[in-house]
Amino acid sequence: RNTYMKIALAGTHSTGKTTLLKELSSRETFSDFSILPEITRSIKEKGFSINEQGTLDTQILIMNSHMENILYKDQFLVDRCLLDGWAYTTYLAMQSRVPRWFADYATNLLDTYMHRYDAVFYLPVEFGIEDDGVRSTDSDFRKQVMELLEYKITEFSNVHLLQGSVGSRADHAEAIVRSLR
C-alpha cells in the first residue's frame, strides 16, 4: 500500500494540463494531495525568459523546482515534472540556447529520479494552441517538444497516456491512482 503518492501531469504547452489539474483537485481521490502549480509562469513573472527564449538560468530554476518537489514533498499532484523540464531543456540545447552540458545534466536527473513519481500522466496534443499571453503560440516549437516527450516516455513504465475530454482523462487518472494505492 502506497501511503504517499507523487503524481505529475506532463505534456507540451496547451494540452490541457492545468485544466485537468483543476478537475482532479476537485475529486475525492485527490482530496489529501497538495496541489502544486507549474513553475514556469512564476519564473516569467520574475523576469526570466521562457518558451523558445528560455536560457540556462530559466532551465536551472525549472529543474531545481522539479527536484525540490520530488525530493522534499510527500504527497502531491503537480502541473509539469522532470520530464517536461528535460524536453524543454533538450529543445533549447538543440537551438544552442542552453549549453549541451546542462542538457546532459537534465537527462541524468530525469533518468535518475523519474521513478520517484508514482504516476506521470502524459497529455498529448489533441487541439490547437490557446493564446493566453504567456505560452508560446509557435506550433512548430510545440511539435518539436512533443516529439522529444514522445520519444523519451517510452523509457518509463510510470507514464500513462491520457486522452479525450477532461472528464474521461480525469476518470482514467483516478482509476490508475486508485489501482496504485
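In short, a report on the structure.

Here's the deal with the overall build of the chain
The helix and strand tally for the chain stands at 7 helices and 5 strands. In the chain, the succession of α and β elements from N to C terminus is β-α-β-α-α-β-α-α-β-α-β-α. What you see for the chain is a C-alpha radius of gyration of 15 Å, in line with the 16 Å of a compact globule of 181 residues. Principal-axis analysis of the C-alpha atoms places the extent of the chain at approximately 45 × 35 × 30 Å. Classification of the 181 residues of the chain by burial places 50% in the buried group. Counting only carbon and sulfur atoms, one obtains 48% of the accessible surface of the chain, whose full area is about 8600 Å². Mean positive and mean negative side-chain charge positions of the chain (20 and 25 charges, respectively) differ by 2 Å.

Some thoughts on the sheet that holds strand E2 (residues 34-36)
Pairing between sheet strands relies on hydrogen bonds along the backbone, with the strands arranged either parallel or antiparallel. Read across the open sheet, the 5 strands follow the order E2-E3-E1-E4-E5; overall the sheet is parallel. Strands with a single pairing partner mark the edges of an open sheet, and in this sheet they are E2 and strand E5 (159-161). Here the average twist between neighbouring strands, direction ignored, is 20 degrees. With respect to the sheet, helix H7 (residues 166-180) is in contact with strand E1 (6-10), strand E4 (119-122) and E5, its orientation differing from that of E4 by roughly 165 degrees.

So, the packing of aromatic side chains
Within the structure shown, the criterion is met by 5 aromatic pairs. Plain terms: the ring middles of Tyr88 and Phe141 are 5.8 Å apart, the flat faces sit at 65 degrees to each other, and that makes the pair edge-to-face. You can see Tyr88 sitting in helix H4 (residues 82-94) and its partner Phe141 sitting in helix H6 (residues 139-152), a full 53 residues away along the chain. Phe141 carries the same exposure label as Tyr88, and that label is buried. Residue placement shows Lys152 over the ring face of Trp86; its charged tip is 5.4 Å from the ring centre.

Focus: the pattern of salt bridges
Across all of its chains, the model carries 15 salt bridges by this definition. A salt bridge links Glu23 to Arg27, with the nearest nitrogen and oxygen atoms 2.9 Å apart. On the accessibility criterion, Glu23 (26% relative accessible area) is partly exposed. Its salt-bridge partner being Asp111, residue Lys152 comes within 3.2 Å of it at the nearest N-O pair. Residue Lys152 is located in helix H6, and its partner Asp111 is located in helix H5 (residues 100-113); the two are separated by 41 residues in the primary sequence. Owing to a relative accessible area of 40%, Asp111 belongs among the partly exposed residues under this scheme.

What about the layout of surface pockets?
Of the pockets and cavities examined, the largest pocket occupies roughly 530 Å³. Lining of the largest pocket is provided by 30 residues; of these, His13, Glu38, Arg41, Arg80 and Arg135 occupy positions nearest its centre. Only helix H1 (17-25), helix H2 (40-45), helix H3 (56-72) and H4 provide two or more residues apiece to the lining of the largest pocket. Across the lining of the largest pocket, the residue classes break down as 6 nonpolar, 14 polar and 10 charged. The wall of the second largest pocket is formed by Ile39, Ser42, Ile43, Lys46, Leu61, Asn64, Ser65, Glu68, Asn69 and Lys73. Mapped onto the lining of the second largest pocket, the elements with two or more residues apiece are H2 and H3. At 5 residues, H3 tops the list of elements feeding residues into the lining of the second largest pocket.

Conventions adopted
- Residues numbered from 1 in each chain as written.
- Predicted model: local features only at pLDDT ≥ 70, side-chain atom pairs only at ≥ 80, totals over all residues.
- Heavy atoms only, no water.
- Helix = DSSP H or I, 4+ residues; strand = E, 2+ residues; numbered from the N terminus.
- Rg over C-alpha atoms; globule rule 2.2 N^0.38 Å.
- Buried < 20%, exposed > 50% of the residue type's maximum accessible area, 1.4 Å probe, protein only.
- Areas by Shrake-Rupley, 256 points an atom, 1.4 Å probe, with all protein chains shown as cover.
- Lys, Arg positive; Asp, Glu negative; His and termini not counted.
- Charge placed at Lys NZ, Arg CZ, Asp CG, Glu CD.
- Pairing = 2+ DSSP bridges.
- Axes fitted to C-alpha atoms, helices over the stretch in contact; angles between N-to-C directions.
- Contact = heavy atoms within 4.5 Å.
- Phe/Tyr/Trp six-rings, centres within 6.5 Å; stacked < 30°, edge-to-face > 60°.
- Lys NZ or Arg CZ within 6 Å of the ring centre and 35° of its normal.
- Salt bridge = Lys/Arg side-chain N within 4 Å of Asp/Glu carboxyl O.
- 1 Å grid on protein atoms, 1.4 Å probe; cavity = no way out; pocket = protein on both sides within 12 Å on 5 of 7 lines; lining within 4 Å.
- Points joined across faces, edges and corners; volume = space filled by probe spheres on them.
- Nonpolar A, V, L, I, M, F, W, Y, C, P; charged D, E, K, R; others polar.

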